[in-house]
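Residue strings, one per chain:
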Amino acid sequence: NNNTVSSWILVSSDVSNFFVGGRTLVIIKNDNTIWTSGETYWFSSSTTTSYSTILVERTNWFTNAIPVSEIANIVCTNGLIFVLSTSSVLYGAGDNGYRGSLGIGSSSIYTLTQCATNVRKVMTNANDSMYITLDNKLYSSGWNSSGQHGTGDQTQINTWGLRSSGVIDAAI
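We now turn to the structure provided with this report. Residue numbers restart at each chain and count upward from 1, following the sequence in its written direction. In keeping with the predicted nature of the model, local features appear solely for residues at pLDDT of at least 70, side-chain atom pairs appear and are counted solely at 80 or more, and the whole-chain, interface and lining totals rest on all residues. No hydrogens and no water enter the side-chain calculation; it runs on all heavy atoms of the structure.

### So, the sheet that holds strand 8 (residues 109–116)
Read from one edge of the open sheet, 4 strands run 5-6-7-8, paired in antiparallel fashion. Two strands in the sheet have a free side with no partner beyond their single neighbour: strand 5 (71–77) and strand 8. Neighbour-to-neighbour, the strand axes of this sheet turn through a mean angle of 20 degrees, independent of strand direction. Strand pairing is assigned whenever DSSP detects at least two bridges linking the two strands. Elements are defined by DSSP. Helices are runs of H or I of four residues or more, strands are runs of E of two residues or more, and each kind is numbered from the N terminus. Summarising the sheet, strand 5 and strand 6 (residues 80–85) pair through 6 bridges and their orientation is antiparallel. Bridging across to strand 6, asparagine 73 finds its partner in leucine 84. For helices, the axis comes from a line fit to the C-alpha atoms of the stretch in contact; other axes are also lines fit to C-alpha atoms, and the angle between any two N-to-C directions lies between 0 and 180 degrees.

### Concerning the pattern of salt bridges
Whenever Lys or Arg places a side-chain nitrogen within 4 Å of a carboxyl oxygen from Asp or Glu, that contact is recorded as a salt bridge. Under the counting rule described, the total for this entry stands at 3 salt bridges. Of the charged contacts, one joins aspartate 169 and lysine 121 as a salt bridge, the two residues approaching to 2.5 Å between their closest N and O atoms. Of this pair, aspartate 169 sits in the segment after strand 12 (157–165) while lysine 121 sits in strand 9 (residues 119–124), and the two are 48 residues apart along the sequence. Looking at lysine 121, the relative accessible area reads 27%, which means it is partly exposed. Working definition: with a 1.4 Å probe on protein chains only, accessible area under 20% of the residue-type maximum means buried, over 50% means exposed, and in between means partly exposed.

### Describing the sheet that holds strand 12
Read from one edge to the other, the open sheet built from 4 strands follows the order 9-10-11-12, with strand pairing classed as antiparallel. Edge positions in the open sheet fall to strand 9 and strand 12, since each of these has one partner strand only. Strand after strand, the sheet turns through a mean of 20 degrees between neighbouring axes, direction not considered. As paired strands, strand 10 (residues 128–133) and strand 11 (residues 137–142) are joined by 5 bridges and run antiparallel to one another. When the bridges of strand 11 are listed, tyrosine 131 appears paired with tyrosine 139.

### Thoughts on a nonpolar patch on the surface
The grouping of Val15, Phe18 and Val20 at the surface amounts to a nonpolar patch, some 290 Å² of accessible area in total. Mapped onto the fold, phenylalanine 18 is located in strand 1 (residues 15–21). On the basis of relative accessibility, which here comes to 51%, the residue phenylalanine 18 falls in the exposed class. Patch construction takes residues with relative accessible area above 30% that form no salt bridge. Like charges are linked within 9 Å, and nonpolar side chains (Val, Leu, Ile, Met, Phe, Trp, Tyr) are linked within 5 Å. Values of accessible area rely on a 1.4 Å probe in the Shrake-Rupley scheme; residue burial ignores everything except the protein chains shown.

Okay, structure coming up:
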């Protein structure tokens with residue numbers, strides 16, 4: 001690859017935090033507004049993936065479930081989004097479909113919905129999700145097509161299941 005970056009482009013100013021994943025950018029500004037660009041499938045029940053090439057203000061979508069001041073982390077990828085609160089409550093939304101990656105059944109959900117409590121860290125990819133609790137237990141849900149959940153088979157998992165205890169960290 002011979003491409004080089006000759007200059008950076010200002011995307012937004014007055015930013016207090018940002019999260020990037022799965023072709024999505026989420027920005028929290030200092031005025032407590034939330035903006036997104038890129039893939040935004042988790043905002044609507046459209047059967048086609050939605051994209052925005054400009055920043056779109058989405059504060060109300062997030063704050064219907066959680067105040068901006070309580071957002072500790074946001075993890076998003078290919079049609080899924082998880083928002084972890086400062087009180088360790090995990091919210092999720094998106095294309096849950098056949099994979100069950102939200103851990104709350106197999107239906108897609110387009111509003112932030114509580115998925116779990118006592119959560120310290122959340123990880124997701126296009127097909128599988130995992131979280132670690134405050135007491136170091138690892139839970140997972142999702143496609144499990146290669147046995148990556150450690151259940152001894154390749155059966156899809158639609159609800160969170162305990163996979164291990166004493167976990168310090170993990171990655172998908």
